[in-house]
Amino acid sequence: MRLNISKTKEEKQFDDIYFRYHESIYRNIRKLIYDEDKALDILQEVFVTLWNHREEKLNDANLGAWLFTVSYNQSVDFLRKKLKEEITEAENFLYIPSNYDENMEFEQQYSLKLELIEEAIEKLSPRRKEVFRLCRFEGYSKDEVAKKLKISSDSVSDYLNQSNHFIREYIKKEYPSFLSLFACVCMQNFF
């Protein structure tokens, strides 16, 4: 006996979104999470989050950016949790007191600076923003972006260099005290 299970419109739409984004989101997660099983768990969590917010997100024009932000945030949350567990384990073993207030302050500053970077990204021209997001948030290589947008790899590199320069200058001009974190973020291959 074969069951005929028909899907709702939402389920079909969700399936389409999953098949459209899951590979690039997984690549984005794997940039931070080296454990394949945990990366797959986070990928699943991202789409569970989407399902839980389906009423407002399934038709959102910025769904791709939202999914990549959720995947990034969940990856960072996992890394923070793992780091805290390792610190706790080390403290228990070595009896080293920790100062969580400093860690929280760093996390708050880091979050603020990521918001500033996002603000700067929004000021980019549409083409630069598109290239930047594809390479930096969606995990496409320069060659993949060039092929997808039908431009040369050199153009992709130029757009990325121009974007990085613009973001640095924007933050330097608007928020000069936060420029040091941008340099740290760049060193971590975020840009």
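Thresholds, definitions, all that
Residues numbered from 1 in each chain as written. Predicted model: local features only at pLDDT ≥ 70, side-chain atom pairs only at ≥ 80, totals over all residues. Heavy atoms only, no water. Core = buried A, V, L, I, M, F, W, Y, C linked by side-chain atoms within 4.5 Å. Buried < 20%, exposed > 50% of the residue type's maximum accessible area, 1.4 Å probe, protein only. Helix = DSSP H or I, 4+ residues; strand = E, 2+ residues; numbered from the N terminus. Patch = residues over 30% accessible without salt bridge, like charges linked within 9 Å, V, L, I, M, F, W, Y side chains within 5 Å. Areas by Shrake-Rupley, 256 points an atom, 1.4 Å probe, with all protein chains shown as cover. Salt bridge = Lys/Arg side-chain N within 4 Å of Asp/Glu carboxyl O. Lys, Arg positive; Asp, Glu negative; His and termini not counted. Charge placed at Lys NZ, Arg CZ, Asp CG, Glu CD. Axes fitted to C-alpha atoms, helices over the stretch in contact; angles between N-to-C directions. Parallel < 35°, antiparallel > 145°, perpendicular 65-115°, else oblique. Left-handed = near helix turned anticlockwise from the far one by under 90°. Contact = heavy atoms within 4.5 Å. Phe/Tyr/Trp six-rings, centres within 6.5 Å; stacked < 30°, edge-to-face > 60°. Lys NZ or Arg CZ within 6 Å of the ring centre and 35° of its normal.

K.L.:
If you had to explain the nonpolar core to someone new, which residues and values would you point to?
P.N.:
Ile17, Ile25, Phe47, Leu50, Leu67 and Val145 are the most contacted members of the largest nonpolar core, which totals 40 residues. When residues of this core are traced back to their parent elements, those giving at least two are α1 (9–30), α2 (36–52), α4 (63–94), α5 (100–122), α6 (126–137), α7 (142–149) and α8 (153–174). Counting residues per element, this core draws most heavily on α4, at seven residues.

K.L.:
Lay out a negative patch on the surface in plain terms, naming residues and giving numbers.
P.N.:
The grouping of Asp35, Glu36, Asp37 and Asp41 at the surface amounts to a negative patch. As for its placement among the helices and strands, Glu36 is situated in helix α2.

K.L.:
Break down the packing of α6 against α7 for me, citing the residues and quoting the values.
P.N.:
At a closest axis distance of 9 Å, the pairing of α6 and α7 adopts a crossing angle of 135°. Comparing their axes, α7 and α6 come out oblique. Note that α6 runs across α7; the crossing there is right-handed. Taking contact as the criterion, the partners of Arg127, Glu130, Val131, Leu134 and Cys135 in α6 are, on α7, Lys142, Val145, Lys148 and Leu149.

K.L.:
So what about unusual backbone geometry? Which residues, and what values?
P.N.:
The phi torsion at Lys150 lies on the positive side, around 60°, for a residue other than glycine. Topologically, Lys150 is positioned in the loop between α7 and α8.

K.L.:
Run through the packing of aromatic side chains, naming residues and quoting values.
P.N.:
A complete count under the given rule lists six aromatic pairs for this structure. Aromatic side chains Phe14 and Phe47 sit 6.1 Å apart centroid to centroid with 90° between the ring planes, which places their arrangement in the edge-to-face category. One end of the pair, Phe14, is in helix α1; the other, Phe47, is in helix α2, with 33 residues separating them in the sequence. By relative accessible area, which is 15% here, Phe14 ends up buried. When its relative accessible area of 4% is taken as the criterion, Phe47 is described as buried. Of the aromatic side chains, those joined through ring pairs into one cluster are Phe14, Tyr18, Phe19, Phe47 and Trp51. Over the face of the ring belonging to Tyr140 we find Arg27, whose NZ or CZ atom lies 4.9 Å from the ring centre.

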